[in-house]
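Spelled out, the chains give:
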Amino acid sequence: MKRHPVEPGKLVAGLVVLGVATVYGLDAAGEWDVRTLVPLMVLVGGLCGAGVVSALTYLARRKRARGTDTP
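Rules and cut-offs
Residues numbered from 1 in each chain as written. Predicted model: local features only at pLDDT ≥ 70, side-chain atom pairs only at ≥ 80, totals over all residues. Heavy atoms only, no water. Helix = DSSP H or I, 4+ residues; strand = E, 2+ residues; numbered from the N terminus. Rg over C-alpha atoms; globule rule 2.2 N^0.38 Å. Buried < 20%, exposed > 50% of the residue type's maximum accessible area, 1.4 Å probe, protein only. Contact = heavy atoms within 4.5 Å. Areas by Shrake-Rupley, 256 points an atom, 1.4 Å probe, with all protein chains shown as cover. Salt bridge = Lys/Arg side-chain N within 4 Å of Asp/Glu carboxyl O. Expected span 1.5 Å × (residues − 1). Arc of directions from axis to C-beta. Axes fitted to C-alpha atoms, helices over the stretch in contact; angles between N-to-C directions. Parallel < 35°, antiparallel > 145°, perpendicular 65-115°, else oblique. Nonpolar A, V, L, I, M, F, W, Y, C, P; charged D, E, K, R; others polar.

A. Highlighting the overall build of the protein. Assigned secondary structure in the protein consists of 2 helices and 0 strands. Here the protein has a C-alpha radius of gyration of 17 Å; the compact-globule value for 71 residues is 11 Å, and the former is much larger. On the principal axes, the C-alpha backbone points of the protein span a range of 55 × 30 × 15 Å. In the protein, which comprises 71 residues, the share counted as buried stands at 14%. Pairs at least 24 residues apart make up 58% of the contacts formed inside the protein by residues separated by at least 6 positions. Working note: accessible area of the protein is about 5,900 Å², and carbon and sulfur atoms make up 67% of it.

B. Representation of the pattern of salt bridges. Per the stated rule, a full pass over the model turns up 1 salt bridge. Residues Lys10 and Glu7 are paired through a salt bridge, measuring 3.1 Å at the closest nitrogen-oxygen approach. Overall, the relative accessible area of 37% leaves Glu7 in the partly exposed class.

C. Expanded view of helix H1 (residues 8-29). Relative to the 32 Å expected for 22 residues at 1.5 Å per residue, H1 spans 31 Å between its end C-alpha atoms, a close match to the ideal helical length. All of the buried residues along H1 are Gly9, Ala13, Val16, Val20 and Val23. In an axial view of H1, the angular spread of the buried residues amounts to 95°, which keeps them on one side of the axis. Along H1, the residues that are exposed and aim more than 90 degrees away from the buried face are Lys10, Leu11, Leu15, Leu18, Ala28 and Ala29. Those residues of H1 that are buried are in contact with helix H2 (37-66). Looking one or two places after H1, you find Gly30, whose phi comes out positive at around 90°.

D. Structural context of the environment of Ala21. Summarising the element assignment, Ala21 is placed in helix H1. On the basis of relative accessibility, which here comes to 46%, the residue Ala21 falls in the partly exposed class. As for Ala21 and Leu43, which are separated by 22 residues in sequence, their C-alpha atoms are 9.7 Å apart.

E. Geometry of the packing of H1 against H2. Interaxial distance between H1 and H2 falls to 7 Å at its minimum, and their mutual angle equals 170°. By the angle between their directions, the pair H1 and H2 is classed as roughly antiparallel. Across the interface between the two elements, Pro8, Gly9, Val12, Ala13, Val16, Val17, Val20, Val23 and Tyr24 from H1 touch Pro39, Leu40, Val42, Leu43, Gly46, Leu47, Ala50, Val53, Ser54 and Thr57 from H2. Classifying every residue of the contact of H1 with H2 by side-chain character gives 15 nonpolar, 4 polar and no charged.

Structure follows, in structure tokens:
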């Protein structure tokens, strides 16, 4: 069985989108009163964070592939 590499950036992005969708759902159901821009700002910030995590993962894998992970 062929395994695929773990991609933490996609995990972070998925969790952020799931969280924002939950907040919008609770707002639509009348459970929370959330201003419209707050979840959008959280979404943008979370996706930027996911990009940073993806970049760090890429750099770590590239460094490990070169064999230069010793100081």
